[in-house]
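# Architecture and fold: a report
Chain residues, written in single-letter form:
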Amino acid sequence: MTQSGSGLHLAVVGTGALGSALLQRLAAVGMPSLLLIDPDRIEPRNLPLSPFLQEALLAHREQIAEYPYKAALLAAHAWAMYRLPWRALPCEVAAVGWQRLRACDLVCCCTDSALSRAELAFVARSLGKPVLDGAVAGGSIAEGRVTRFSPHPAAACYLCGMGEERRATVLGLAASATLGCRVPEDAPAMTGTRSSLDLVADTMAAVIRDVARGTAWGEISCAIKLYAADPQCSAETVELARSEGCPWHDAAAPALRDLPWELPLRDSLPRLHPGKDLLLDWPVCTVAVCNTCGQRCSPFQRVAVVRRTLRCPHCHATALQPLSTVSRIRAADPLALRSPRQLGQPIRHLYRLTATAG
Ligand SMILES: [Zn+2]
Ligand SMILES: [Zn+2]
């Protein structure tokens, strides 16, 4: 038995300044089951506020080429230093197969991207997972905050707390099949001080200890705690109400089922799940045009990836504009000749199925 208590399974999304500060605390108490999710490589700008990342880099300086991603380096360090078998997934949270997240008891959110937070909120709602979300000064946050999001369908999610306009922008980027202009995502710089970072990480670690001890998640609405950088300031707790305008509280959530990753849907869907259509979690771009060279391509990846990071296969510019997307596939559709893998779905996923349409 470790100090961290029971067999709690955690996922930590984001391993930058705040994520690595939290991980340092979880390593110190011997948290054994932890999934690290972060697509980013190690960059010098990550280091000044990340003692744990600095420590990991120093300890692995001879093998650094083997660990280009932050998540992989920190997992290797947790094993080398603490004998903790943490697993790293160097990808976006929206690209993680849901079978990997199904066993998690709690998802900790330490990313500084609004898009990743929104994608995580959808994944957590779909899988019925509670989220512990921390953030340090930047954007709309005064100094720092820790938010507990209950998995209850009636409870507010991260998206509920956004203004309508901001929500529309983030949803347009992540989940809209309508083909608007390319939307640049804001990238707020991490401006927090070490003291506010430590305060937020300490608070998150304390909540995790409570969860490990079996303290009930309890409340239906979630509580937000706001912290001032001055440690003398007392924490303020604010309840967050569910927003009627938030689309992610579907009472009749679709069934989650397994499908073979490599088999065409036309073969697997009618045999394993007759009368069902596949609802893709995120619209998948089937045709895109490059705004630089004008050539077309068929990415078969999430529209958020196509809009933000995918390079044109002809001129390598990051300037692809989705022309055609798909969100729902019937067994009779031509696209059902493709396998989930060929449709850009993650390995070890759980698929959302719904009664077939007309
Ligand atoms: Zn919501
Ligand atoms: Zn091009």
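Please refer to the structure placed before this passage.
This one's a predicted model, so the numbers in the text were calculated from it and none came from an experiment. (Residues numbered from 1 in each chain as written. Chains lettered and ligands numbered in written order. Predicted model: local features only at pLDDT ≥ 70, side-chain atom pairs only at ≥ 80, totals over all residues. Heavy atoms only, no water.)

### Some remarks on helix H3 (residues 70–82)
Here H3 is 13 residues long and its end C-alpha atoms lie 17 Å apart, about the 18 Å a rise of 1.5 Å per residue gives. When H3 is considered as a whole, its buried residues turn out to be Lys 70, Ala 71, Leu 73, Leu 74, Ala 75, Ala 76, His 77 and Ala 78. The secondary structure elements touched by the buried residues of H3 are helix H1 (17–28), strand S2 (33–37), helix H2 (51–59) and strand S3 (87–89). Looking at the residues trailing H3, positive phi occurs at Arg 83, about 55°. (Helix = DSSP H or I, 4+ residues; strand = E, 2+ residues; numbered from the N terminus. Expected span 1.5 Å × (residues − 1). Buried < 20%, exposed > 50% of the residue type's maximum accessible area, 1.4 Å probe, protein only. Contact = heavy atoms within 4.5 Å.)

### Thoughts on the coordination of the zinc ion (ligand 1)
At the metal site, the zinc ion (ligand 1) is ligated by Cys 157 (SG), Cys 160 (SG), Cys 246 (SG) and His 249 (NE2), and these contacts range over 2.1 to 2.3 Å. Coordination at the zinc ion (ligand 1) comes from 4 donor atoms whose angles at the metal span 94 to 123°, giving a geometry best classed as tetrahedral. All donor residues of the zinc ion (ligand 1) come from one chain, and their arrangement in sequence is C-x2-C-x85-C-x2-H. When its relative accessible area of 12% is taken as the criterion, His 249 is described as buried. (Donors = N, O, S within 2.8 Å, 3.2 Å for Na, K, Ca; no water. Tetrahedral: all angles 85-135°; square planar, octahedral: opposite > 155°, others 65-115°.)

### A word on the pairing of strand S1 (residues 9–13)
Where burial is concerned, most of S1 is hidden: 4 out of the 5 residues are buried. Sheet topology note: the S1/S2 ladder contains 5 bridges and is parallel. Within S2, the position partnered with Val 13 by the bridge is Ile 37. For the segment spanning S1, H1 and S2, crossover handedness is right-handed. Pairing of S1 with strand S4 (residues 106–109), which is carried by 4 bridges, proceeds in the parallel orientation. In the sheet register, Val 12 faces S4, and the bridge partner there is Cys 108. (Pairing = 2+ DSSP bridges. Right-handed = clockwise from strand over helix to strand, strands pointing away.)

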